[in-house]
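Overview (structure and organization)
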Amino acid sequence: MSNLKVYLNKPNENWIVDRLVDEWIKYNKGITTQNINDANVIWIISPWTYKEIPRKLLKTRKVICTIHHLDFEKFNLLEKIKYKNLDNHVDFYHAISIQTEKSLKKITNKPIWTNPWWINQNLWYEIIDKKELRKKFNIDENSFILGSFQRDTEGKDLRTPKLSKGPDRFIDIVLEYKKTNKNLEVILSGTRRHFIIEKLKENNIKFHYFEMANLEQLNELYNCLDLYVVSSRVEGGPQAIYECALSKTPIISTDVGVASKFLDKKSIFNMENFKRAQPNTQYAYDSIQNHTIPEGFIPFLKKFEELIES
């Protein structure tokens with residue numbers, strides 16, 4: 001691959017971005033450097049930490065910046081200033097979804113390239129024996145299990161709902177499904193689930209909470225579900241759509257992030273029609289195949305080559 005050398009600014013926050021950086025480095029060693037001085041492309045994959053990069057290097061290298069999502073409800077003057085400063089150093093942006101691209105166009109005139117992440121098929125896959133899995137996690141095999149694995153509460157007080165993630169909507173959906181599934185239960189994972197847990201308790205909904213599930217356990221939990229619900233108002237991914245698609249977990253979603261790219265139209269809902277939404281696991285599984293490893297890296301490699309040749 002010519003003389004391409006890419007440096008990624010890893011955030012070191014034990015979040016999805018760290019895993020993406022690790023996967024990129026593992027599978028693209030020949031064109032990746034962990035010494036920023038050797039790079040001719042700087043990939044700001046975590047824009048919230050870009051100030052740790054020396055300014056002189058941002059001025060002398062080609063710079064691509066990934067914007068995961070933009071929530072204009074929180075886009076105050078300080079956020080606008082941060083993005084303006086960042087924009088001065090960027091040659092072009094990478095957006096994960098069309099929705100993020102549309103939002104990004106409101107605040108920059110720089111070129112935007114839209115492409116979803118790759119997904120690691122070694123982590124997310126279907127497990128056939130659902131009965132044994134439920135037994136392992138002490139979940140009734142006859143229960144109808146709804147799932148949600150992303151944070152729903154703001155960190156400032158651990159009580160305020162993170163409305164961009166739609167936890168209020170999730171509760172409305174759970175209560176509606178409860179009307180026709182008396183044996184309904186909910187599986188939660190991830191941190192800051194306080195809002196949903198409180199509401200489930202208020203409504204006497206049985207739930208299982210696996211706060212710090214590792215990736216292997218998380219894949220098993222996906223495979224326990226009858227339905228995963230993405231009820232977000234704003235999203236970059238979410239990563240759950242990729243993971244449900246590969247593990248053939250039934251999923252319905254609001255029209256956020258990559259939902260329209262990977263899910264059947266019948267699986268996408270708004271709060272007026274969510275009762276009619278239908279998961280289509282085969283459609284989602286087929287749609288994600290070109291984005292598994294290593295195929296999912298190819299569009300990025302081509303784009304970086306174009307960047308250094310321009």
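Residues numbered from 1 in each chain as written. Predicted model: local features only at pLDDT ≥ 70, side-chain atom pairs only at ≥ 80, totals over all residues. Heavy atoms only, no water.

What follows is about the sheet that holds strand β1 (residues 6–8). Read across the sheet, five strands follow the order β1-β2-β3-β4-β5 without closing on themselves; strand pairing throughout is parallel. Edge strands, defined here as strands with exactly one partner in the open sheet, are β1 and β5 (112–114). Ignoring which end each strand starts from, the neighbouring axes of this sheet average 25° apart. Across four bridges, strand β3 (residues 62–67) lies against strand β4 (residues 92–95) in parallel orientation. Note that in β4 the partner of I64 across the bridge is F92. Across the face of the sheet, helix α12 (residues 298–309) comes into contact with β1, β2 (41–44), β3, β4 and β5 while running at roughly 130° to β2. (Pairing = 2+ DSSP bridges. Helix = DSSP H or I, 4+ residues; strand = E, 2+ residues; numbered from the N terminus. Axes fitted to C-alpha atoms, helices over the stretch in contact; angles between N-to-C directions. Contact = heavy atoms within 4.5 Å.)

For the rest of this paragraph, the subject is the layout of surface pockets. Sizing a probe to match a water molecule and rolling it over the atoms shows the empty space that remains. Quantified by volume, the second largest pocket comes out at close to 160 Å³. Surrounding the second largest pocket, H69, L70, F72, Q99, T100, S103, R233, V234, E235, D255, V256 and G257 form its lining. Class assignment for the residues of the lining of the second largest pocket results in four nonpolar, five polar and three charged. (1 Å grid on protein atoms, 1.4 Å probe; cavity = no way out; pocket = protein on both sides within 12 Å on 5 of 7 lines; lining within 4 Å. Points joined across faces, edges and corners; volume = space filled by probe spheres on them. Nonpolar A, V, L, I, M, F, W, Y, C, P; charged D, E, K, R; others polar.)

Below, the discussion takes up empty space enclosed by the protein. Evaluated as defined, the whole model comprises two cavities of 30 Å³ or more. Taken as a whole, the largest cavity spans an internal volume of roughly 60 Å³. Around the largest cavity sit 14 residues that line it, and S148, Q150, K165, I196 and S231 are the ones nearest its centre. Secondary-structure elements contributing two or more residues to the lining of the largest cavity are α6 (167–180) and β9 (227–230). For the lining of the largest cavity, the residue count by class is five nonpolar, five polar and four charged. The space that makes up the second largest cavity amounts to roughly 40 Å³. In terms of residue count, the dominant contributor to the lining of the second largest cavity is helix α1 (residues 16–27) (four residues). In terms of residue class, the lining of the second largest cavity is built from five nonpolar, two polar and two charged.

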